[in-house]
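Coordinates in review
Here is how the chains run, residue by residue.
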Amino acid sequence: MIKAIKNYFVQPGWGLQLLSDIIKILLMLAFIFPFYWMLVTAFKGYTESMAVPPTLFPKVWTLEGYRSTFNSGLNILNYAKNTVLITTAVIALQLVIMVPAAYAFAKREFPLKGLWFGIVLVAFMIPLQLTYIPVYLRMQDLNLVNTLWPQILPMGADAFGIFMLRQSFKQIPDEIIESAKLDSAGEIQIMTRIMLPMCKSAMVTIAMFSFIGTWNAYFWPLVMTRNESVRPLTMAVEKLRDVEMGIRWNSLMAANTLLVVPILIVFIFASKKIIEGFAYRGMK
Amino acid sequence: MAEIVFEKVGKSFGSTKVIENLDLTIEDGKFTVLVGSSGCGKTTLLRMIAGIGPATSGRILMDGKDITHQPPEKRDIAMVFQNYAIYPTMSVRENIEFGLKNKKVPKEERDRRIAEYAEIVGMTPYLDRKPSDLSGGQRQRIALARAMVKKPSVFLMDEPLSNLDAKLRAAMRVELIELQRRLGTTFVYVTHDQIEAMSMADTIVLMEKGQIQQIGSPEEIYHEPANIFSAQFIGTPPMNVLDLDGGVRFGVRPESIRMSAERMDGMALYRRGHVITREMLGAELQYKVRLSDGKTLMVRSENDRDDVEESADVWVMAPARHLHFFDADGRHIGHGGPEDLLKKVGGINE
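Residues numbered from 1 in each chain as written. Chains lettered and ligands numbered in written order. Predicted model: local features only at pLDDT ≥ 70, side-chain atom pairs only at ≥ 80, totals over all residues. Heavy atoms only, no water.

Each pair of packed helices can be summarised by the angle the axes make with each other and by the distance between the axes. Residues and elements named next belong to chain A. Two numbers describe how helix α5 (residues 76–107) lies on helix α6 (residues 113–125): the axes approach to 10 Å, and their chain directions differ by 135°. For the element pair α5 / α6, the angle class is oblique. The chirality of how α5 crosses α6 is left-handed. Along the contact surface, α5 presents Ala104, Phe105 and Ala106, while α6 presents Lys113, Trp116, Phe117 and Val120. In terms of residue class, the contact of α5 with α6 is built from six nonpolar, no polar and one charged. (Axes fitted to C-alpha atoms, helices over the stretch in contact; angles between N-to-C directions. Helix = DSSP H or I, 4+ residues; strand = E, 2+ residues; numbered from the N terminus. Parallel < 35°, antiparallel > 145°, perpendicular 65-115°, else oblique. Left-handed = near helix turned anticlockwise from the far one by under 90°. Contact = heavy atoms within 4.5 Å. Nonpolar A, V, L, I, M, F, W, Y, C, P; charged D, E, K, R; others polar.)

Below you can see the structure in the form of structure tokens.
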């Protein structure tokens, strides 16, 4: 340890290095602090959470915040169940739809391919807000408003994801596919044994974006549902803000940790995969 | 074992015709090399045999059976690609095993064959590695093992050595020749490198602009070029070609030319020349010589034969049997004759 510190200060240009390291640490703290604040507040008692000046570290650790979240009269588990259901369904649906679409755009020839891909790109460019009303009306026609479906179906294909996956498929040399054909592999095998493993990083990245986007969705479920029983966790958190007079910060933060921790876990797991994915260098 | 026959085969990409009306027989059990400059259609032919770039007209027969429209997996072939086309996410073993698994070869048989062919290509210690950990030469060996393990009746190779460095390429060339002799399988090998073609082939198929210029053994192509293209494609440096009258031309290989300060007897070609450059290549010397009429020739000579200085004025000479004559269309008329043409070559007869 002492040796490491000694070595640090004899390396050439250690002054600049130190400055750059300090800046990095400060930036890191700036990013971490909100998470830290959320976590510790969730474990504070009600009075401590309201105290001025605020305490950086809880004097008393308590689960009061979590208890009051679950006792707030809101069926937190049902909200959580909805969020998990919606998110899983969206990711599954996206993979089923986007993988073949991207593959076809990248590696197959079919009539009007350019035009179809153009349409996908246009979908990518249209602001989401413009689609709210037409999608709502369509869902109403189908009698699906106020169910889980309008929170899943419209997210089933994502233009950005198709675009990104297509780029990723395109980078795979045709010879590898031809070689697989000569190795008697069918389309499904080529896809599952060769193409998808080679595009793992793109897949994980897209799935992660979808996961975060869907998990955190607030406005879309708000518009598409009226009934609490089909709403996701984000709506419950919002609801906690106005259950009682004034905001119970510890309880709100407890709910927020419930919302955020799965994302953090997924991110930590996925970022490892992404690095793994990128570490694979294109082969000659 | 398989013989491949092309019958009036054509291929076009959109409106561009790459190959038209091509007839070719690739003999069973022989090492056939398709050689030509890039864009000559050699790879297109190979892809037709593989079934990954079907012919647009004509028929392709394998052992008499029409395979023109048969999908690749139904053909008894294996192919090695220029970039090897190794599956990067699979281990060496999985790469070699993939084709066998798809063909539902039983596990014990698969393991036996993998062990056998990994040994042949010297990859046994690397079976559980990922291709990204291996060198270009090793990846090349995986590609070879992956092709061999299927025991195909035809091996197709698309410039498999062109990504290797010169030393490794020379070594792999010898290994491939050995391999072909050992397996006795039909090999069809595509390259743009005439040295590869000459050194490996039983039969060379020389192509240009989608047409076959000449088919023959390396000896035939070197000694009896069918036309000027063929004469100039094979050999380094290419054959020197000079004009005679009436559009008739004659050629002489750089290594057939003699140079000396003294005029030698018994030659058919005599010219005066001035040595512009002299390159020492080891066992050989290579010269660029300007003739008195301004034309330049390349000359190649063993060290201990004709060694002349740079800027020297010399006699440039060649015996009759090494002179090749071509008609106005570039077709080979003969070498060492006919007599009337030979007389015209003569040049300076002092």
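Having seen it, we continue.
Let us look at the domain arrangement of chain B. Residue and element names in this part refer to chain B. When cut into domains, chain B gives domain 1 (4–223) and domain 2 (236–345). Measuring from the centre of the C-alpha atoms in domain 1 to the corresponding centre in domain 2 gives 38 Å. Domain 1 puts four residues into the contact, and the matching count from domain 2 is five residues. Summed over both sides, the interface of domain 1 with domain 2 buries roughly 360 Å², with 33% coming from carbon and sulfur. At the junction of domain 1 with domain 2, the criterion picks out zero salt bridges. Our count for the domain 1 to domain 2 interface comes out at two residue pairs in polar contact (both at pLDDT 80 or more). The element contributing the most residues to the side of domain 1 that touches domain 2 is helix α7 (residues 218–223), with three residues. Broken down by class, the residue content of the side of domain 1 that touches domain 2 amounts to two nonpolar, two polar and no charged. (Domains from an automatic or database assignment. Buried area = accessible area lost by both parts, 1.4 Å probe. Salt bridge = Lys/Arg side-chain N within 4 Å of Asp/Glu carboxyl O. Polar contact = N/O pair within 3.5 Å; in protein donor to acceptor, adjacent residues only side chain to side chain.)

A separate point is empty space enclosed by the protein. In this structure the tally under the stated criterion is two cavities of 30 Å³ or more. In terms of lining residues, the largest cavity is bounded by A:Ser179, A:Leu182, A:Asp183, B:Ala78, B:Met79, B:Arg146, B:Ala147 and B:Lys150. At the level of secondary structure, the elements contributing two or more residues to the lining of the largest cavity comprise α10 (174–182) of chain A together with β6 (77–80) and α4 (136–148) of chain B. Looking at side-chain class alone, the lining of the largest cavity contains four nonpolar, one polar and three charged residues. Reported here for the second largest cavity is a volume of approximately 30 Å³. (1 Å grid on protein atoms, 1.4 Å probe; cavity = no way out; pocket = protein on both sides within 12 Å on 5 of 7 lines; lining within 4 Å. Points joined across faces, edges and corners; volume = space filled by probe spheres on them.)

Now for the domain arrangement of chain A. When the domains of chain A are assigned, the result is domain 1 (2–69) and domain 2 (74–243). One C-alpha centre belongs to domain 1 of chain A, the other to domain 2 of chain A, and the line joining them spans 36 Å.

Once that is clear, we can look at the pairing of strand β11 (residues 240–243) of chain B. Residue and element names in this part refer to chain B. Here β11 shows a clear split, with Asn240 and Leu242 buried on one side and none of Val241 and Asp243 buried on the other. Pairing geometry for β11 and strand β12 (residues 249–252), over four bridges, is antiparallel. Along β12, the bridge assignment pairs Val241 with Gly251. Linking β11 back to β12 in an antiparallel pair, the connection comprises five residues, with Gly246 at a positive phi of about 70°. (Buried < 20%, exposed > 50% of the residue type's maximum accessible area, 1.4 Å probe, protein only. Pairing = 2+ DSSP bridges.)

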